[in-house]
Amino acid sequence: MFETLFPIFVLAFFAVLTVLIMFYLPEILGPKTKSKRKYSPYECGLIPQTDARERIPIKFYLIAIAFVVFDLEVVFLYPWAIIYKDLGLFGLFEMGLFILILLLGFFYIVGKGVLKWE
Amino acid sequence: MANVIFYILAVIALTSALMVVTRKNAVTSAVYLIVTMCAIAGLFVQLGAVFIAALQIIIYAGAIMVLFLFVIMLLNLRKDEFGFDTRVFQRLFAGLLGIVLLVQLIMVVSRLPVVAGQPVDTEMGRVAPLATKFFTQYLYPFEIISVLLLAAIIGAVVIAKKKMGK
Amino acid sequence: MLLSIFIDVVKVIVVFAGFMIMIAYTTWFERRMVAFIQSRLGPNRVGPAGLLQPIADAFKLLFKEPFLPEKSNKVLFSLAPMIAFIPPILAVAVVPIGDTITIAGRKVELLISDLNIGILYVFALGSIGVYGLVLAGWSSNSKYSLLGGLRSSAQMISYEIGLGLSVVGLLMIAQTFSIAEIVRQQSGSVLNWYFFKQPVAFFLFFICAMAESNRLPFDLPEAESELVAGYHTEYPGMRFALFFLGEYAHMITVSMVTASLFFGGWSGPFLPPIVWFLIKVVAFLFIYVWVRGTLPRFRYDQLMRFGWLVIFPLTLVNILVTGLVMVL
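Residues numbered from 1 in each chain as written. Chains lettered and ligands numbered in written order. Predicted model: local features only at pLDDT ≥ 70, side-chain atom pairs only at ≥ 80, totals over all residues.

## Describing the overall build of chain A
Helix and strand counts for chain A stand at 5 helices and 0 strands. The order of helices and strands in chain A, counted from the N terminus, is α-α-α-α-α. Looking at chain A residue by residue over its 118 residues, the buried ones come to 39%. (Helix = DSSP H or I, 4+ residues; strand = E, 2+ residues; numbered from the N terminus. Buried ≥ 20, exposed ≤ 12 C-beta atoms within 10 Å, placed from the backbone.)

In structure tokens form, the structure reads like this:
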């Protein structure tokens, strides 16, 4: 186990090191000028009036729920795919039933217009 | 060596879990929860269960935490709006429930057989044996999961649509 | 033991350095190519054919002032570009760049780590990558950033499902998650390429991967014309560049994984394996640039509808057909 993971840690070390250098080197090299306007968030030249963090539409929450559910489906498909050759037709039926039940949920959210963005 | 890695991962997992409940900013809490999930995935890797570790990251750190972040942004809690909850009864009740859970956990954990230093079952890491068991012996629970997921998605839509007033 | 550690470190340094150079020159490659597509010349002043342009850009960005916008969340604001940049680099670890070679009697595999869950490792890193955009959008305290971050995350999670499902058909045939093993299965003849066994899966995979890396025609998160620059509106200098280069790193990783999964990776006649691998990767990078130079951007509703109502059912049909063909 250690032999397979050690190189990944070395790679991660280099990646993190590079990112830290790229992120913090301009702190040393770059100029430092102060002006109040520079720090204000960009809003096409207007002065921001309200807090930028507004409440987001509930649609995103529904998309996220759908994502969690179908991501779980995908995760169940991975081990199934690996042994599919051994399972044969039986495997196709059991997974078919599983996906069919989930597709009911899919048709429900499509019918309810969750995926419409007008 | 293995012990050192275990303790490092355990400390990361516990510290960030502690941060999750102590941070005042909900988004920061969520980020610490992601760190906790990743540290737990690391513990799975150490046990030789790389497949479970990958699923831990894909599902918990990758999918469920995105949902959490969306919900946090949906509610958009500001500092002044969510100070400490002042309802005394609820806080007491929550504390009580926490103690009950702790006692239960201690009871369960203390009854587990102690198997220190036992070599890890390397079969665990490979997917095929695990999958074969899952799709033959545990077929019924597997099919039930789909019904559970169906209930989850329909429930979410019903609640959200009620709020939208449509 | 010591020798194998030494070999590991050397491999990592070579691959990492090569990857960083590839990132830098993909920016040049894209600018030149898009320029030719649009009948322009592109950057051609710094060095021969503009080849020193990426280095000049790097130095320029290093000397820009780094600052934090007011009311931004300092820690998350700094963390976001790092999360966007690191995962695509780590994903390279499981992609083999050549066949096993023998140096002084030792067999050396030309990949960093033969993790037996290869593809899942890549997907796990991809699912972490979403946070770079979402946190950048939220922590910047800018309306454009928030909208860009939200859009991009909703887009990425929608296409992540298509991405995961599209390879299932391939996994059913290959019976392994290891990318090195999948490449080995395809070596020998062009007809062994999984592209010929799973053509639909390839197109779905590549489209989803393109959406995952936020490239045109799926670059809604940035959509200059409506969101200024999306989630990285507030990022200055090199910090912006981390997102920018992260996108290129993502492109290269996707090209490498696609070449390995569907087009036999390093396998090919006459030329050395590494050359074949690079030819295939550059070919996919060219397709990326070509698509960018040709297609206009999706509208957001079109994008979501396409992901959920076209890609998602198609991947399921692909799995069903693969399953039926394998059994019957």
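## Concerning the overall build of chain C
Across its full length, chain C carries 13 helices and 2 strands. Taking 20 Å as the expected radius of gyration for a compact globule of 328 residues, we find that chain C reaches 20 Å, a close match to that expectation. Taken across its 328 residues, chain C has 57% of its residues classed as buried. (Rg over C-alpha atoms; globule rule 2.2 N^0.38 Å.)

## Remarks on the interface of chain A and chain C
Between chain A and chain C, the contact holds 51 residues from the first and 61 residues from the second. Among the secondary structure elements, those contributing two or more residues to the side of chain A that touches chain C are α1 (2-29), α2 (36-39), α3 (58-82), α4 (84-87) and α5 (89-111) of chain A. Taken together, the residues that form the side of chain A that touches chain C break down as 38 nonpolar, 5 polar and 8 charged. (Contact = placed C-beta atoms within 7 Å. Nonpolar A, V, L, I, M, F, W, Y, C, P; charged D, E, K, R; others polar.)

## Re the interface of chain B and chain C
Facing 16 residues of chain B, the contacting portion of chain C comprises 17 residues. Broken down by secondary-structure element, the contributors of at least two residues to the side of chain B that touches chain C are α2 (26-46) and α3 (50-75) of chain B. Of the residues forming the side of chain B that touches chain C, the biggest block, 11 residues, is contributed by α3(B). Class assignment for the residues of the side of chain B that touches chain C results in 14 nonpolar, 2 polar and no charged.

## Some thoughts on the nonpolar core
Within the largest apolar cluster, 178 residues are counted, with the highest numbers of intra-cluster contacts made by A:A64, A:F67, B:A54 and C:I252. Among the elements that take part in this core, α3(A) stands out by supplying 19 residues, more than any other. Formed jointly, this core draws a minimum of three residues from each of two domains, domain 1 (1-80) and domain 2 (126-166) of chain B. (Core = buried A, V, L, I, M, F, W, Y, C linked by C-beta atoms within 7 Å. Domains from an automatic or database assignment.)

## Comments concerning unusual backbone geometry
Residues and elements named next belong to chain C. Even without a glycine there, the phi angle at S39 is positive, about 55 degrees. Residue A49 is not a glycine yet carries a positive backbone phi of 55 degrees. Structurally, A49 can be placed in the loop between α1 (2-37) and α2 (53-62).

## Notes on helix α5 (residues 143-166) of chain C
Between its terminal C-alpha atoms α5(C) stretches 35 Å, which fits the 34 Å expected from 24 residues at 1.5 Å a residue. Judged by how many residues are buried, α5(C) sits mostly within the fold: 24 of 24 residues are covered. (Expected span 1.5 Å × (residues − 1).)

## Some remarks on the confidence of the model for chain A
On average, chain A scores 82 in pLDDT, and the residues at 70 or more come to 85%. Ranking the helices and strands of chain A by mean pLDDT puts α5(A) first, with 89, and α2(A) last, with 69. (pLDDT = per-residue confidence, 0-100.)

## Some details on the environment of B:L55
All names here are of chain B. With respect to the element layout, L55 can be found in helix α3. For L55, a count of 22 C-beta atoms within 10 Å translates into the label buried. Here the alpha-carbon distance between L55 and K24, two residues 31 residues apart in the chain, equals 29 Å.

## Remarks on the environment of A:L97
Within the secondary structure layout, A:L97 lies in helix α5. Distance in space between the C-alpha atoms of A:L97 and A:G111 is 21 Å, their sequence separation being 14 residues.

## Examining the environment of C:G323
Considering the arrangement of structural elements, one finds C:G323 in helix α13 (residues 300-327). Look at C:G323 and you get buried, because 24 C-beta atoms sit within 10 Å. The residues contacting C:G323, other than those within four sequence positions of it, are A:Y84, A:L92 and C:M172.

## Details of the packing of α3(A) against α5(A)
Geometry of a packed helix pair, given as the angle between the helix axes and the separation of the axes. All names here are of chain A. Taken N-terminus to C-terminus, the directions of α3 and α5 make an angle of 170 degrees; their axes are 11 Å apart at the nearest point. What the angle tells us is that α3 and α5 run roughly antiparallel. Across from A66, V69, E73, F76 and W80 in α3, the residues of α5 making contact are G91, M95, F98, I99, L102, G105 and I109. Classifying every residue of the contact of α3 with α5 by side-chain character gives 9 nonpolar, 2 polar and 1 charged. (Axes fitted to C-alpha atoms, helices over the stretch in contact; angles between N-to-C directions. Parallel < 35°, antiparallel > 145°, perpendicular 65-115°, else oblique.)

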